[in-house]
Protein chains: 2
Amino acid sequence: MNRFLSHATNRIDAKGRVSVPSSFRGVLATLDIRELYCFQDFVFPAISAGGPELLDRFERQIAGEDPFSPQANEMSLLIHGGGVFMKLDQEGRLMVTDFIRDFTGITNEVTFVGRADHFQLWAPQVFQETQAAARQERRLRGLRPG
Amino acid sequence: MNRFLSHATNRIDAKGRVSVPSSFRGVLATLDIRELYCFQDFVFPAISAGGPELLDRFERQIAGEDPFSPQANEMSLLIHGGGVFMKLDQEGRLMVTDFIRDFTGITNEVTFVGRADHFQLWAPQVFQETQAAARQERRLRGLRPG
DNA sequence: CCAAATCCCATTGACCCCCATATGGTCCCA
DNA sequence: TGGGACCATATGGGGGTCAATGGGATTTGG
């Protein structure tokens with residue numbers, strides 16, 4: 001599989017590590033991603049993670065603007081100041097640092113959520129509620145599959 | 001037959017597996033669908049399942065919008081985070097995971113419901129009631145098939 | 001020199017391949 | 001028309017494999 005799909009919840013162990021779901025690790029291997037670029041999501045209280053080219057994309061977007069514009073400045077504040085590179089250990093586990101905990105509210109468990117070209121780390125409860133709200137709104141707008 | 005029709009209820013075994021009705025498997029074979037894209041339905045407490053092109057259709061819909069818009073983000077949360085690929089075992093059975101149980105309320109039995117280009121997994125009781133309610137509403141509005 | 005991060009190995013349990021059995025329907029023939 | 005052979009589907013379960021998890025031992029960095 002070549003994109004991140006579905007969601008799964010894993011436990012954080014006594015050392016503060018959590019296993020990244022095997023299917024996600026498979027995608028990382030397929031895309032030859034060895035290091036994760038993680039940043040505080042722009043919309044949700046979640047950490048988004050993907051390959052380094054994700055950061056490249058953001059930077060190209062900035063480069064297309066006036067480097068002294070408020071937009072470019074703001075964007076850099078988010079993607080540089082709110083981003084970090086992380087690596088998995090050999091069992092495919094990730095350290096859940098305060099960088100992650102503070103922004104997401106994660107404590108004991110992490111819900112991994114696939115987003116096609118990247119995935120996210122959520123506090124389980126928050127994900128449930130946010131997804132339910134999105135579904136509700138979609139229903140009100142009368143949209144359907146197809 | 002080239003579309004999913006009718007409904008049937010099958011038992012979940014001790015290992016949490018359930019047989020997909022043979023007629024549905026026949027449709028899958030006809031359409032050359034080897035992997036199921038399953039997602040949490042937008043309207044009903046049911047899991048919808050179809051071929052991978054179902055996801056493609058959703059993604060094309062997203063691609064038509066601003067990728068950073070709240071709508072696109074929300075849609076991705078549902079179809080990527082709320083969707084998963086699943087495969088049948090060689091006997092044509094499906095694992096009933098918590099992903100399915102939590103969203104549908106399914107426990108011992110699954111009602112499979114044909115929806116033309118896809119099919120759905122329901123808790124039997126919920127399906128009965130929802131279908132009865134739909135029939136009732138239709139009657140009140142004085143509408144008839146045809 | 002201490003605390004934290006990483007390596008390495010063990011355990012547990014879930015999932016999947018494979019084969020066996022049950023159940024119900026259809027067809028054929030006497 | 002009734003009985004029985006035959007077949008497809010649904011269901012049950014053994015056992016191997018792999019992912020998630022736990023924790024001791026070693027290294028790294030401040």
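Our structure's up above, just so we're on the same page.
Residues numbered from 1 in each chain as written. Chains lettered and ligands numbered in written order. Predicted model: local features only at pLDDT ≥ 70, side-chain atom pairs only at ≥ 80, totals over all residues. Heavy atoms only, no water.

A. Quick peek at the relation of the copies chain A and chain B. Of the transformation placing chain A onto chain B, the axial shift is 16 Å and the rotation is 23°, giving an RMSD of 0.4 Å. A different interface surface on each copy is seen, since only 14% of the contact residues of chain A are contact residues in chain B too. (Least-squares fit on C-alpha atoms with pLDDT ≥ 70 in both. Contact = heavy atoms within 4.5 Å.)

B. Region of interest: the protein's contact with DNA strand C. In the neighbourhood of DNA strand C, 13 residues make up the surrounding shell, with A:K15, A:Q90, B:Q90, B:E91 and B:M95 lying closest. Within 4 Å of the protein, the atoms of DNA strand C are drawn from sugar and phosphate moieties in a proportion of 38%. Here a base nitrogen of DNA strand C and a side-chain polar atom of A:E91 are 3.4 Å apart. Mapped onto the surface near DNA strand C, the elements with two or more residues apiece are β6 (93-95) of chain A together with β6 (93-95) of chain B. Tallied by class, residues from the surface near DNA strand C come to 2 nonpolar, 2 polar and 9 charged. (Near = heavy atom within 4 Å. Polar contact = N/O pair within 3.5 Å; in protein donor to acceptor, adjacent residues only side chain to side chain. Helix = DSSP H or I, 4+ residues; strand = E, 2+ residues; numbered from the N terminus. Nonpolar A, V, L, I, M, F, W, Y, C, P; charged D, E, K, R; others polar.)

C. Structural view of the sheet that holds strand β1 (residues 7-11) of chain B. Residue and element names in this part refer to chain B. Taken in spatial order, the 6 strands of this open sheet run β1-β7-β8-β4-β3-β5, and their pairing is antiparallel. Only two strands of the sheet have a single partner each, and these edge strands are β1 and β5 (83-86). The sheet shows a mean angle of 25° between the axes of neighbouring strands, taken without regard to direction. Pairing analysis gives 4 bridges linking strand β3 (residues 36-40) to strand β4 (residues 47-50), with the strands arranged antiparallel. Note that in β4 the partner of Q40 across the bridge is I47. Here helix α5 (residues 124-140) sits on the sheet in contact with β1, β7 (109-114) and β8 (119-122), set at roughly 40° to β7. (Pairing = 2+ DSSP bridges. Axes fitted to C-alpha atoms, helices over the stretch in contact; angles between N-to-C directions.)

D. Summary view of the interface of chain A and chain B. In this assembly, 29 residues from chain A lie in contact with 29 residues from chain B. The tally of links between chain A and chain B comes to 2 salt bridges. Between A:R3 and B:E59 there is a salt bridge, with the nearest N and O atoms lying 2.5 Å from each other. Across the contact surface, chain A and chain B share 9 residue pairs in polar contact (both at pLDDT 80 or more). Among the secondary structure elements, those contributing two or more residues to the side of chain A that touches chain B are α2 (52-63), β7 (109-114), β8 (119-122) and α5 (124-140) of chain A. (Salt bridge = Lys/Arg side-chain N within 4 Å of Asp/Glu carboxyl O.)

E. Broad picture of the packing of aromatic side chains. Residue and element names in this part refer to chain A. Evaluated as defined, the whole model comprises 22 aromatic pairs over all chains. Ring centres of F24 and F119 lie 5.2 Å apart, and the angle between their planes is 40°; on these two criteria the pair is classed as tilted. Placement of the pair is F24 in helix α1 (residues 22-30) and F119 in strand β8, with a sequence separation of 95 residues. The two residues F24 and F119 agree in class, both being buried. (Phe/Tyr/Trp six-rings, centres within 6.5 Å; stacked < 30°, edge-to-face > 60°. Buried < 20%, exposed > 50% of the residue type's maximum accessible area, 1.4 Å probe, protein only.)

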